[in-house]
Amino acid sequence: MPLILTSFCVALIALSGWGLELQAQRPDDLNGLTNEELYQVSCANCHGPDGRGLDRSLIGFEEAIPDFTDCDFAAREPDADWIAVAHEGGPVRGFSEMMPAFRGALTVEQLERVMVHIRTFCTDSSWPRGELNLPRALLTEKAYPEDEWVIEAGAAVEGEGSVGSAFIYERRFGPRSQIEVRIPYGWRQRREARDPTRREGWVSGLGDVTLGMKHALYHSIESGTIVSLSGEVILPTGDESKGFGADGALVEAFASFGQILPSDAFVQAQAGVELPLHSGADNEIFGRLVLGRGFSQGQWGRSWTPMIELSAKRSIEHDAVTDVDIVPQVQVSLNTRQHVLANVGLLVPATHRADRSVRLLFYVLLDWFDGGFFEGW
Ligand code: HEC
């Protein structure tokens, strides 16, 4: 009986003032309820007792209610984002104010318990959880299969002028797989043929286009771990005479790994081989490691993620040298929904500095499953 009454109260408040703080009951009154009962009294009026969302005709507003049983949608959203939305209301992540703020009515701990129940609606555990979608570093390929558009850019900050850019499209299919296309374009200062110390204007051109596939072999939200295998073909589409791209096609195979650490820290790693399909080039091995930590501005605001990345590459010839780069960087969310993010960093060569220059690296990415570029600002 008390359950029905509380539910009725929450429904009344929800119907009488969208977006207002719900203060009908004090959070303490609800402490005796189970996770499921908490959900039923607070959320089911709109999200439905089964998590599918009530029909728009029943709730009387335009916004579609998300379907918590749809694993493709639900699994990728981290609890922290959902708790922010439930505590502060839809607008805190650029959603509608029809999703009311529960601060005052439910504590963060109670919302965490509601999440435990909401997580039972998706019954297929093969979808990796969104918490494992660790921030994208500038070089290290992440293990999580993503729906992303990324525009990368890089420029030498010393020596010969060189600017690189790339457009990357990533698309998930099934719970654990992803395809990827990377289209690079570059600009570089040309040396004069007669006198290589002199520069004679800029050339530009397409680089080597990459087609890739990724599959998550293992993931566990309990241990905070995800491991993927990827294969890529790098096509010789670049104009090698202008200095864009390799002599011929290459294939790359690598494993990537992500691990959540305590206090919003994480480590990601990638290791693999690059094998040229043409003669005259060496097989190479490479490894990358990135350590980072997330911070949010205020309790629910903009996310900042400083990272430090280490990248090493060498040919497998026994007298070969290893190129090592260190890349300090910081990723920041640009919009309220936090699905448009940017990262800026400095690639600093740690070995053979004479041949390689410091580069400024940058990307802006759109997690397009969460909305278009102009949504949620
Ligand atoms: C008054 C109706 C109403 C109630 C009650 C309600 N919601 Fe919502 N909720 C909505 C609407 C409408 C949206 C969709 C907003 C949009 O898409 O802009 C939404 C969206 C959400 C989302 C965002 C999902 C996403 O797209 O990432 C979460 C999370 C959520 N609600 C959790 C909860 C929880 C938890 C409760 C209970 C504590 C709750 N809601 C109670 C109406 C409601």
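Residues numbered from 1 in each chain as written. Predicted model: local features only at pLDDT ≥ 70, side-chain atom pairs only at ≥ 80, totals over all residues. Heavy atoms only, no water.

A. Up close: the state of the cysteines. Following the criterion strictly, the structure yields one disulfide and no others. Between the sulfur atoms of Cys 71 and its disulfide partner Cys 122 the distance amounts to 2.3 Å. On the S-S bond that ties Cys 71 to Cys 122, the torsion sits near 110°, and the link is right-handed. Here Cys 122 lies in the loop between α7 (108-118) and β1 (148-156) and Cys 71 lies in helix α5 (residues 71-74), a separation of 51 residues in the sequence. Classification of Cys 122 by relative accessible area gives buried; the value is 17%. (Disulfide = S-S within 2.5 Å. Helix = DSSP H or I, 4+ residues; strand = E, 2+ residues; numbered from the N terminus. Buried < 20%, exposed > 50% of the residue type's maximum accessible area, 1.4 Å probe, protein only.)

B. Up close: the pattern of salt bridges. As enumerated under the stated definition, the model contains 19 salt bridges in all. Residue Asp 72 pairs with Arg 76 through a salt bridge whose shortest N-O separation is 2.8 Å. Accessibility expressed as a relative area gives 9% for Arg 76, which makes it buried. Taking the shortest distance from any N to any O, the salt bridge between Glu 148 and Arg 136 comes out at 2.9 Å. (Salt bridge = Lys/Arg side-chain N within 4 Å of Asp/Glu carboxyl O.)

C. Local environment of the coordination of the iron atom of the ligand. Each protein donor to the iron atom of the ligand is listed here as His 47 (NE2) and Met 99 (SD); together their distances run 2.0 to 2.1 Å. In this structure, the iron atom of the ligand is surrounded by six donor atoms whose angles at the metal cover 86 to 178°, and the resulting shape is octahedral. In this pair, His 47 sits in helix α3 (residues 44-47) while Met 99 sits in the loop between α6 (79-88) and α7, placing the two residues 52 residues apart along the sequence. Met 99 matches His 47 in its accessibility class, with the two residues each being buried. (Donors = N, O, S within 2.8 Å, 3.2 Å for Na, K, Ca; no water. Tetrahedral: all angles 85-135°; square planar, octahedral: opposite > 155°, others 65-115°.)

D. Just the environment of Val 344, in detail. Looking at the element boundaries, Val 344 is found in strand β13 (residues 340-349). For Val 344, a relative accessible area of 39% corresponds to the partly exposed category. It is 8.8 Å that separates the C-alpha atoms of Val 344 and Val 332, two residues lying 12 residues apart in sequence. With near-sequence residues (within four places) excluded, Val 344 lies in contact with Leu 138, Pro 328, Gln 329, Val 330, Leu 360, Leu 361 and Phe 362. (Contact = heavy atoms within 4.5 Å.)

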